[in-house]
Amino acid sequence: MQTKAGSAKALVISNGAIRQDSVALTPGKLKPEVDMNTIIGWVLQAGVIVSSVIIALGTLLLLLSPGGLTVDLGQAYPHSIEQVWTGILAFQPQAIIALGLLCLIATPVLRVAISIFAFAREHDRMYVLITLLVLAILITSFVLGKGGA
Amino acid sequence: MHISLTIMLLIFLAAVVAGIVGSLVGLGGGILIVPLLTLSFGLPIQYAIGASIIAVIATSSGAAAAYVRDHLTNLRIGMFLEVATTTGAICGAFLAGLLAPNLLFIIFGVILLISTAPVIFKLGEELPQNVHNDRWANLLHLSGSYPDKRLGQEVTYQVTHTPFGLVIMYIAGLLSGLLGIGSGVFKVLAMDSVMKLPMKVSTTTSNFMIGVTAAASAGIYFARGDVQPMVAAPVALGVLLGALIGARLLQHMSNKTLRLIFIPVMTVIALQMVLRGIGISI
């Protein structure tokens, strides 16, 4: 504990120096050539655009398909990755929409996964571990969701 | 219950309006989606929550992309606190499956009412003074800096009360998973009023965290079959479009008067949700 408090203090004092070489992920001071903020921003935007295009496409197909105009809410629709996959192979509009929704859910997960590499690149082992923990929690949620259904 | 083309179109238009209002008032569209789908369209609340959590991911990811590039977001604080929000979100999503729908209506109404408070009272400070890093902030390198456009300079800041902030983040995540909302109000509260971050950093970092938090419960809702594509598709696309329009409108108008107009509207919606939970519908 003693040493920890000591090193924490040292950090405050040499704050400026530490920041300069290790904090491209912190807002503000950045190495222009490795701007992870830009990459993360790009991933988020691309994820949203790709998934909305897929959702819009599926909706369009639904409107064009015979009998697609009225759907019973209680009727079965794909809600597992296997069901979505078989549905897509059968060209079902609902499965295509579900694929877009899954892409949307995957977008923040992908952002977390990419952050692992970003922190690793800065040799920030503590944040690689924290980010891995968040990713593990997210993956657990999907596994749990399946079991709890 | 059937969903026809007309109903899908109406849900889409309503979601556009929710997206516009949400971005103008600064609450995000999510909190308006559940009342809209349940009170106006009579959908079961679990489908409403399932669609709403998807819309929350869409709007927060879209907005976060811009903030991250402007270097306003503190990625370390966000990532660290996400440990608490995602854990809370999983608990919330499971709790939602256990609670009676009536109870969900009541909790939603109460949370909606609480969420309007910051629209009236300004919480926290733009640039808090005399904040010193606590032990955790030092250990986790939470302090940082951001370029303030209005001041025209780089603002450095420190972080305090990290454990308390973490606890509030767990509760924010729990509410997000339980009700299908972004619960940005509670995330901002934790960073702004408790951890004493500058306003711009706490609002943008909150937005950044909302997507990951929502993803944790969205997976559970999807697997459970509560994300009905026919409902979620028009909601997600509508809210996204609305948020884009709202962001454009914001550049041309002051949102102060708008906020004042929407407070009574939100209050009425909140009361209706509570009444619905008790079993009275108006």
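Model, not experiment: these values are computed from the prediction. (Residues numbered from 1 in each chain as written. Chains lettered and ligands numbered in written order. Predicted model: local features only at pLDDT ≥ 70, side-chain atom pairs only at ≥ 80, totals over all residues.)

Enquirer: Can you tell me about the overall build of chain A, naming the residues and giving the values?
Expert: When helices and strands are counted, chain A shows 6 helices and 1 strand. Helices and strands in chain A line up, N terminus first, as α-α-α-β-α-α-α. Looking at the 149 residues of chain A, the share that counts as buried comes to 38%. For chain A, restricting intrachain contacts to residue pairs at least 6 apart in sequence, the fraction spanning at least 24 positions comes to 55%. (Helix = DSSP H or I, 4+ residues; strand = E, 2+ residues; numbered from the N terminus. Buried ≥ 20, exposed ≤ 12 C-beta atoms within 10 Å, placed from the backbone. Contact = placed C-beta atoms within 7 Å.)

Enquirer: Any chance you could break down the interface of chain A and chain B for me, citing the residues and the numbers?
Expert: Much of the literature gives interface size as the accessible area that the parts lose upon coming together. Contacts between the two partners involve 57 residues from chain A and, on the opposite side, 57 residues from chain B. Among the elements of the structure, helix H1 (2-13), helix H3 (36-64), strand S1 (70-72), helix H5 (93-121) and helix H6 (125-148) of chain A are those that each provide at least two residues to the side of chain A that touches chain B. Residue contributions to the side of chain A that touches chain B peak at 14 residues, all from H3 of chain A. Its residues placed into classes, the side of chain A that touches chain B shows 33 nonpolar, 21 polar and 3 charged. (Nonpolar A, V, L, I, M, F, W, Y, C, P; charged D, E, K, R; others polar.)

Enquirer: If you had to explain the pairing of strand S3 (residues 153-157) of chain B to someone new, which residues and values would you point to?
Expert: All names here are of chain B. Taken together, the 5 bridges between strand S2 (residues 144-148) and S3 define a ladder with antiparallel strand orientation. Across the sheet, residue Tyr146 finds its bridge partner in S3, namely Val155. Hairpin connection between S2 and S3: a loop of 4 residues separates the two successive antiparallel strands, and Gly152 in this loop has a positive phi of roughly 70°. (Pairing = 2+ DSSP bridges.)

Enquirer: Please set out the nonpolar core residue by residue, giving values where relevant.
Expert: All names here are of chain B. Ranked by size, the top nonpolar core spans 129 residues in total, and within it Ile33, Ala51, Ile54, Val235 and Ala236 carry the most contacts. Ranked by the residues each element gives to this core, the list is headed by helix H3 (residues 45-69), at 16 residues. Ignoring any residue separated from it by four or fewer positions in sequence, one finds Val235 in contact with Ile11, Ala15, Ile33, Ala51, Ile54 and Ala55. (Core = buried A, V, L, I, M, F, W, Y, C linked by C-beta atoms within 7 Å.)

Enquirer: Give me the environment of His123 of chain A: which residues, what numbers.
Expert: Residues and elements named next belong to chain A. Take His123: it is sitting in the loop between H5 and H6. For His123, a count of 10 C-beta atoms within 10 Å gives the class exposed. Along the primary structure His123 and Val50 are separated by 73 residues, whereas in three dimensions their C-alpha atoms are 32 Å apart.

Enquirer: Mind laying out unusual backbone geometry, listing which residues take part and the relevant values?
Expert: All names here are of chain B. A positive phi angle, close to 55°, is found at Asn130, a residue other than glycine. Despite not being glycine, His161 shows a phi value in the positive range, around 50°. Inspection of the secondary structure puts His161 in the loop between S3 and helix H7 (162-179).

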